[in-house]
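Chain and residue survey
These are the residues of each chain, in order.
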Amino acid sequence: MYSIEVVNLTKKYGSFVAVKDFSFAVKPGEVLGLVGPNGAGKTTTLRAMAGIHPPSEGQIRICGHDIVNDAVEAKQRLAFFPDEPRLFDYLTVDEHLEFTAGIYRVTDFRARVEPLLEELELKEKRKSLPTELSRGMKQKLMIACGFLHTPEVLIFDEPLTGLDPLGIRRMKESITRRAAAGSAVILSSHLLHLVEELCSSVAIIQNGARVAYGTIDDLKWQIAQGRGDVSLEEAFLRITKAPAESGTAS
Amino acid sequence: MIRPLWFVTTRSFKNRLLSRLHKLRSPRYAISMVAGLAYLWFFAFRRMLATDAGRNVSFPATGFGLDVISLIALAAMIFVWALPDQGGGLTFTESEVQFLFPAPIRRRDLLLYKILRQQPSILISATMVSLFGFRHSRVVGLWVAFVVLSIYFTMASLGRARLKAMRIGFFSRLLIVCVATAAIVTLLVYDARGIFSRWTQSTDVGLSLRSLPSMFHTPWVKTLLFVPRIFAGAAQPLTIQQLLVSCGSLIVLGVFFFEVAAKLNVSFEDASLEASQKHADTTGNSRRLGRRVMFRRIPPPFRLKAAGPEVAIVWKNLTAALRMSIAWVVIVLAIFGALIADSAIVGSQGLHMSVTAIGLMLAALFPFLGSQALRQDLRLDLPRIELLKSYPIRGDRLVLAEIAAPAIIVSIVEIIILSATAITSHVTGSASKLAFIGSPEFIIIALLFAIPICLAQLLIQNAVAILIPGWAIQSGEETRGFVNLGQRLVILGGNLLVLAVGLLPAAVVFVPLYLLARRFGSNAFMLAMSTAPAIAILLTEIWIALRFLGAQFDQIDITNEIDAAL
């Protein structure tokens, strides 16, 4: 059974088609990288998956629950991490976590908070308001809130923006550990080395349409065509230069 | 170097204008624009542009008026030297700082750019002030006066920084300004001693007032007011010749002030960064009045358990209200409480009546004022809609949870005000037309209606955020201008209309039932029963509106508008 199923997702803004017939699926424990040039439709896809805006056509299922028709059950199982952390100006770090625990009905939140604050280096800032935090710290707080209810599906939009080197390393470890524990992860990023390091499969989107999808090794092999090894960056550049739908790895 | 600066100034103005015109293609902006312009036309411009003397609001251009303006200009020109700021900081926008400060541009050119950049806003101000009473300036006179005055202020700002470098600090400057002011006042009083003695001897008030202008015509005062009078001559000229001469003189003065400012060669970059940040914060804060954390140490109202998203949202908004807006509520209640206490102590019948009337008015207005002051609901959370929409909660339940916190606070305050007013009226036995406020039937009916009406009002306010979110989220530029004024008017009008329409069915049911109940005796139970169907209608309407708004909330996609606004 897949944790994330996206079937023929289409998202239109008036006459503009932001995403067109996009399909993919992610199993528990799998990390899928969503990459594409600026304005390709990555964030639109992720926001639709998180139930922030309804798809114009197609279906999105989170752990078998439709994000439109069974939204509450689907959202209970996911965590969405936007690229821009927009926190509540009037709640401290601790109160953000208490509030999130209330939202997701986390009963043992006190026990969960301490390791999270430790993991994300937020312990000393627990009484601070968001206005007193740096961008990186705000990002970490968003991540802590997202991890609190142990979601089965993690959706990251540019997860490493604003983090320091240690934060990046810890973030990568966190994602890997949660995937190993059975969470399905989808992350969008322009940092292709990160995608190559963390993800088992990748979907490349350009002008709202899927141009490649498969495991990273398959993709690289297809691009190299038996002539040595190529990096994901090289593969991405070659694919996105080619016309849409010209090649899919699977 | 001036060409790129001229380019950025003119293009910024043109693009801003085009972007606003482009927005008018959207009906909601067009309607707002029409409403804003209509309001300004009917309530301001029509009277100002009237040519008949009875409706003309322009100040008459007189010699005495010129003297007064000169005196004000002199005061401004002197007191600007007593300001505490001595960094020479000029305000620039964030993008100006990023592009211009590292660029190979001389300080003189930056100063010139700053003056160029101010021109559109100075021209608008000059036009408005001209319309509001200084029509003799024909706009151009005020424009030139304002521009030269702003150059003078820039020169003074840099001058203060230069003085600081010369170890002449704030207190020394303050002392010099005080001594100069005292000297000028002494001089004025000394010169005017003859006039004062005539005043004390004469019983004719008119004659005394007519002799006032002669104060300004002594040689000393004339010399002192020579430069300020040039500003006054441009702002409110007696003749067209005076306007032309004053404008020409001011342009020469402006060039002189600019040259002095440029020659001071003060390194204003650091102070400008600080001033620009401060300006941005102040602008942001004034836009977010009532949306800032005032008391961060106030604890949340209760310990949040794993009670689910509805309770969590109420908890969050109550915490926000306590930290952001509770001061306003406490001030209102404290003032009202003090009035009641005063009325009880003094015991005057007139005061009782006044307090009762104030209480009644406050009770009638508080659902509106309270819902404006306590915005800790969707209106505050709209920029975080991505987060809200990712929560596992249905739209209608989320909308209800969002408005619950302000509804609780507004309702409690409304009940306190109503009860206090009724009790005051009852206890003091206000023997007047307002005596009915102390009657049990008023208290019962008002208290029963208070909560649904507060809830309905908050729901209407939040409906604006859901149905026309672009009006609830505004970028910095959108907070000014005709369109914004129009939006506020349309929202206010719509709010009142929807509330009236919403209350109408309840009123239609309530009135006959109330009259019927009175026929069977005005006991509390009968009155409550007569109110119940009307309240049921109101609550049903609220429930239907909640379902509708919840469905709309699930459908809205405003992330692009938020990205553009924030």
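To keep things clear, this report deals only with the structure shown in the data block. Bear in mind the structure is a predicted one, so any value in this text is a computation, not a measurement.

Helix and strand counts for chain A stand at nine helices and 10 strands. The principal-axis extents of the C-alpha atoms in chain A amount to approximately 55 × 40 × 35 Å. In chain A, which comprises 250 residues, the share counted as buried stands at 58%. Within chain A, residue pairs in contact and separated by at least 24 positions form 67% of the contacts whose partners lie at least 6 positions apart. Here chain A has roughly 10,300 Å² of accessible surface; of this, 49% comes from carbon and sulfur atoms. Between the averaged position of the 30 positive side-chain charges in chain A and that of its 33 negative side-chain charges there is a distance of 1 Å.

All names here are of chain A. Most of strand β8 (residues 184-188) is tucked away: five of the five residues are buried. Of the two faces of β8, the one carrying Ala 184, Ile 186 and Ser 188 and the one carrying Val 185 and Leu 187 are both buried. Where strand β3 (residues 31-35) lies against β8, four bridges are found, and the strand directions are parallel. Looking at β8, one finds that Gly 33 is bridged to Leu 187. Handedness of the crossover is the feature at issue here: the chain leaves strand β7 (residues 153-157), passes through helix α6 (residues 165-180), returns alongside β8, and the resulting connection is right-handed.

Listed per partner, the contact involves 35 residues of chain A and 41 residues of chain B. Of the roughly 3,400 Å² buried where chain A meets chain B, counting both sides, 57% is carbon and sulfur surface. Linking chain A with chain B are four salt bridges. Note that Glu 386 of chain B is salt-bridged to Arg 47 of chain A, the shortest N-O span being 2.5 Å. The interface formed by chain A and chain B includes 13 residue pairs in polar contact (both at pLDDT 80 or more). The element that contributes the greatest number of residues to the side of chain A that touches chain B is helix α3 (residues 93-103) of chain A, accounting for five residues. Across the side of chain A that touches chain B, the residue classes tally to 17 nonpolar, seven polar and 11 charged.

On to the pairing of strand β9 (residues 201-206) of chain A. Residues and elements named next belong to chain A. Most of β9 sits inside the fold, with six of its six residues counted as buried. What you see with β9 is no split at all: Ser 201, Ala 203 and Ile 205 on one side and Val 202, Ile 204 and Gln 206 on the other are buried throughout. The pairing of β3 with β9 spans four bridges and is parallel. For Val 35, the partnering residue across the bridge sits in β9 and is Ile 204. Sheet topology note: the β9/strand β10 (residues 209-215) ladder contains six bridges and is antiparallel. Residue pairing in the sheet places Gln 206 in a bridge with Ala 209 of β10. Between β9 and β10, which follow one another and run antiparallel, lie two residues, and Asn 207 among them has a positive phi close to 50°.

A few words now on the packing of helix α8 (residues 216-224) of chain A against helix α9 (residues 232-241) of chain A. Residue and element names in this part refer to chain A. Running from N to C, α8 and α9 cross one another at 60°; their axes reach a closest spacing of 9 Å. The handedness of the crossing between α8 and α9 is left-handed. Mapping the contact onto sequence places Ile 216, Leu 219, Lys 220 and Ile 223 in α8 and Leu 232, Ala 235, Arg 238 and Ile 239 in α9. Among the residues forming the contact of α8 with α9, the class breakdown is six nonpolar, no polar and two charged.

Residue and element names in this part refer to chain B. If you check helix α23 (residues 524-555), its first and last C-alpha atoms are 45 Å apart, about what 32 residues at 1.5 Å a residue would give, namely 46 Å. The axis of α23 is deflected most strongly, by about 30°, at Ala 532, and proline Pro 533 appears within four residues downstream. Among all positions in α23, only Leu 527, Ser 530, Thr 531, Ala 534, Ile 535, Leu 538, Ile 542, Leu 546, Leu 549, Gly 550 and Phe 553 are buried.

All right, on to the packing of aromatic side chains then. Tallied over the entire structure, the rule returns 14 aromatic pairs over all chains. For the cation-ring pair, Arg 178 of chain A lies above Phe 147 of chain A, with the distance from its terminal atom to the ring centre recorded as 3.6 Å. Just above the ring of Phe 553 of chain B sits the side chain of Lys 389 of chain B; from NZ or CZ to the centre is 5.7 Å.

Time to look at a nonpolar patch on the surface. Residues and elements named next belong to chain B. On the surface, a cluster of nonpolar side chains totalling about 470 Å² of accessible area is made up of Met 294, Phe 295, Trp 328, Ile 331 and Ile 335. Mapped onto the elements of the fold, Ile 331 is located in helix α15 (residues 326-346). On the accessibility criterion, Ile 331 (44% relative accessible area) is partly exposed.

This paragraph deals with the environment of Met 294 of chain B. Residues and elements named next belong to chain B. You can see Met 294 is positioned in the loop between α13 (269-287) and α14 (309-324). Residue class for Met 294 comes out partly exposed when judged on its relative accessible area of 39%. Along the sequence, Met 294 and Arg 323 sit 29 residues apart, while their C-alpha atoms lie 5.7 Å from each other. Excluding anything up to four places from it in sequence, Met 294 contacts Arg 323, Met 324 and Ala 327.

Below, the discussion takes up the pattern of salt bridges. Pairing between side chains of opposite charge can happen when the charged atoms of each approach one another. All names here are of chain A. For the coordinates displayed, the defined rule picks out 32 salt bridges over all chains. Across the salt bridge formed by Asp 94 and Lys 127, the nearest N and O atoms sit 3.4 Å from each other. A residue pair is termed long-range when its members are at least 10 positions apart, and Asp 94 in helix α3 and Lys 127 in the loop between α4 (109-119) and α5 (135-147) qualify at 33 residues. We classify Asp 94 as buried; its relative accessible area is 16%. Owing to a relative accessible area of 56%, Lys 127 belongs among the exposed residues under this scheme. Glu 118 serves as the salt-bridge partner of Lys 123, at 3.1 Å between the closest nitrogen and oxygen.

Before going further, it helps to spend a moment on the sheet that holds β9 of chain A. Within a sheet, adjacent strands bond to each other through the backbone by hydrogen bonds, running parallel or antiparallel. All names here are of chain A. Ordered in space as β6-β7-β8-β3-β9-β10, the six strands form an open sheet in which the pairing is mixed. Single-partner strands in this sheet number two, and they are β6 (78-81) and β10. Averaged over neighbouring strand pairs, the angle between their axes works out to 15° when direction is ignored. Strand contacts of helix α1 (residues 42-49): β3, β6, β7, β8 and β9, with the helix running at about 150° to β7, the strand carrying the most contacts.

A separate point is the nonpolar core. One finds Phe 99, Phe 156, Leu 187 and Ile 204 of chain A together with Tyr 391 and Phe 553 of chain B to be the most contacted residues of the largest nonpolar core, which totals 116 residues. Per element, the largest residue contribution to this core is 14 residues, and it comes from helix α19 (residues 395-428) of chain B. Leaving out residues up to four positions away in the same chain, Leu 187 of chain A has contacts with Val 31, Leu 32, Gly 33, Leu 34, Phe 156, Pro 159, Ile 175, Leu 194, Val 195, Leu 198 and Cys 199 of chain A. Ranked by size, the runner-up nonpolar core spans 40 residues in total, among them Phe 92, Leu 110, Leu 111 and Tyr 152 of chain B.

Attention now moves to the sheet that holds strand β1 (residues 4-13) of chain A. Residue and element names in this part refer to chain A. Taken together, four strands build an open sheet; the order of strands is β2-β1-β4-β5 and the sheet is antiparallel. The open sheet has two free edges, formed respectively by β2 (16-26) and β5 (65-66), since each of these has just one partner strand. Pairing of strand β4 (residues 57-62) with β5 involves two bridges; the strand directions are antiparallel. Opposite Arg 61, over in β5, you have Asp 66 as the bridge partner.

The rules behind these values
- Counting restarts for each chain: residues are numbered from 1 in the order of the written sequence.
- To read the labels, note that chains go from A and ligands from 1, taken in the order they are written.
- In view of the model being predicted, local features appear only for residues whose pLDDT reaches at least 70, and side-chain atom pairs are presented and counted only at 80 or more, with totals across whole chains, interfaces and linings using the full set of residues.
- The side-chain numbers reported here are obtained from all heavy atoms of the structure, hydrogens and water having been left aside.
- Helix and strand definitions here come from DSSP, where helices need a minimum of 4 consecutive H or I residues and strands a minimum of 2 consecutive E residues; each element is numbered from the N-terminal end.
- Exposed residues in this analysis have more than 50% of their type's maximum accessible area, buried residues have under 20%, and partly exposed residues fall in between, with area computed by a 1.4 Å probe over protein chains only.
- Only heavy atoms enter the contact rule, under which two residues are in contact if any of them lie within 4.5 Å.
- For every accessible area listed, the method is Shrake-Rupley and the probe measures 1.4 Å; residues are considered covered only by the protein chains on display.
- In this tally, Lys and Arg are treated as positive and Asp and Glu as negative; His is ignored, and so are the chain termini.
- A single reference atom marks each charge: NZ on Lys, CZ on Arg, CG on Asp, CD on Glu.
- Only when DSSP finds a minimum of two bridges between them are two strands counted as paired.
- A right-handed crossover is one whose linking path, passing over the helix from the first strand to the second, runs clockwise when the strands point away from the viewer.
- Buried area is a sum: the accessible area each of two parts loses on coming together, probed at 1.4 Å, counted once for each and added.
- When a carboxyl oxygen of Asp or Glu lies within 4 Å of a side-chain nitrogen of Lys or Arg, that pair is called a salt bridge.
- In the analysis that follows, any N or O atom pair within 3.5 Å is treated as a polar contact, provided that within protein one partner can donate a hydrogen and the other can accept it, and provided that, for residues neighboring in sequence, both atoms belong to side chains.
- Each residue gets one of three labels, nonpolar for Ala, Val, Leu, Ile, Met, Phe, Trp, Tyr, Cys and Pro, charged for Asp, Glu, Lys and Arg, and polar for the others, Gly among them.
- Whenever a helix is involved, its axis is fitted only over the stretch in contact; in every case the axis is a line through C-alpha atoms, and angles between N-to-C directions fall within 0 to 180 degrees.
- Two helices that cross are described as forming a left-handed crossing if the nearer one is turned anticlockwise from the farther one by less than a right angle, and a right-handed crossing if clockwise.
- A helix is expected to reach a length of 1.5 Å times the quantity of its residues less one.
- Two axes enter the bend calculation: one fitted to the seven residues ending at the residue in question, the other to the seven starting there, and the bend is the angle between them.
- Classification of ring pairs rests on two measures: the distance between centres of Phe, Tyr or Trp rings, Trp counted by its six-membered ring, which must be within 6.5 Å, and the angle between planes, read as stacked under 30 degrees, edge-to-face over 60 and tilted in between.
- Over a ring means this: the NZ of a Lys or the CZ of an Arg is within 6 Å of the ring centre and within 35 degrees of the ring normal.
- For patch building, the residue pool is restricted to those with more than 30% relative accessible area and no salt bridge; the joining distance is 9 Å between like charges and 5 Å between nonpolar side chains (Val, Leu, Ile, Met, Phe, Trp, Tyr).
- Residues grouped as a nonpolar core are buried Ala, Val, Leu, Ile, Met, Phe, Trp, Tyr and Cys residues, joined through side-chain atoms within 4.5 Å.

By themselves, these are just geometric observations and shouldn't be taken as functional.
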